[in-house]
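Residues per chain, in single letters:
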Amino acid sequence: LFDTHCASCHGPRASGLADDWRKTDSEGNYPPPPLNGTAHAWHHPLVMLEKTLAEGGVEYGGLMPGFSASLTRGERLAIIAYFQSLWSAEIYAKWEAIDAR
């Protein structure tokens, strides 16, 4: 699912494609960040990660479309589980603490 719906923007194995995902482009949009634990995805609880996949990233200054019409909630959660599997144990533990709030 990740390779089909996400890798073209977020890179192979969620490694990102932009030199600096923190800087906006010439039109003021942020590039897709890496999702492999090296950017900010782990700072967000599961509900926000799933909402972003469902509704898109425009609200956060990006261009990511929403996938609620093309992916089921279970598929969106599977994508999240995939990129979380790439996180180090330390990053995942930090995320668990954030998600528990």
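None of these values were measured; they are calculated from a predicted model.

Student: Explain the confidence of the model for the protein to me, please; I cannot follow it from the model alone.
Tutor: Detail in the predicted coordinates should be disregarded across regions flagged by low pLDDT. Averaged over all residues, the pLDDT of the protein is 95; the fraction at 70 or higher stands at 100%. Mean pLDDT values for the elements of the protein range from 96 in helix α2 (residues 7–10) up to 98 in helix α4 (residues 73–84).

Student: I would appreciate a short explanation of the pattern of salt bridges in the present structure.
Tutor: Any two side chains of opposite charge can pair, so long as their charged atoms come close to each other. The full count for this structure, using the stated rule, is five salt bridges. Here E55 and K51 are joined by a salt bridge, their closest N and O atoms 3.4 Å apart. Linking E55 with K51, this pair stays in helix α3 (residues 46–55), spanning four residues, or about one helical turn. You can call E55 exposed: its relative accessible area is 54%. Salt-bridge contacts for E59 lead to K51; the nearest nitrogen and oxygen are separated by 3.2 Å. A relative accessible area of 57% places E59 in the exposed class. One network of salt bridges, in which partners are shared, links K51, E55 and E59.

Student: Mind showing me how you'd approach the side chain of Q84 here?
Tutor: Along the chain, Q84 turns up in helix α4. For Q84, a relative accessible area of 10% corresponds to the buried category.

Student: What exactly am I supposed to notice about the nonpolar core here?
Tutor: Looking at soluble globular proteins, one finds that nonpolar side chains tend to be buried together. Among the nonpolar cores identified, the biggest contains 19 residues, and F2, I79, F83 and W87 are the most heavily contacted of them. Of all the secondary-structure elements, those providing two or more residues to this core are α3, α4 and α5 (89–99). Once residues lying within four places of it in the same chain are set aside, the contact partners of W87 are L35, N36, G37, A41, W42, Y92 and W95.

Student: What exactly am I supposed to notice about α5 here?
Tutor: Each α-helix turn comprises 3.6 residues. Residues three or four places apart therefore point the same way. Along α5, the positions that sit buried rather than exposed are I91, W95 and I98. The buried residues of α5 occupy an angular sector of 55° when projected down its axis, which confines them to one face. Across from the buried face of α5, at angles greater than 90 degrees, the exposed residues are A89 and E90. Where α5 is buried, its residues contact α3 and α4.

Cut-off values and rules
Residues numbered from 1 in each chain as written. Predicted model: local features only at pLDDT ≥ 70, side-chain atom pairs only at ≥ 80, totals over all residues. Heavy atoms only, no water. pLDDT = per-residue confidence, 0-100. Helix = DSSP H or I, 4+ residues; strand = E, 2+ residues; numbered from the N terminus. Salt bridge = Lys/Arg side-chain N within 4 Å of Asp/Glu carboxyl O. Buried < 20%, exposed > 50% of the residue type's maximum accessible area, 1.4 Å probe, protein only. Core = buried A, V, L, I, M, F, W, Y, C linked by side-chain atoms within 4.5 Å. Contact = heavy atoms within 4.5 Å. Arc of directions from axis to C-beta.

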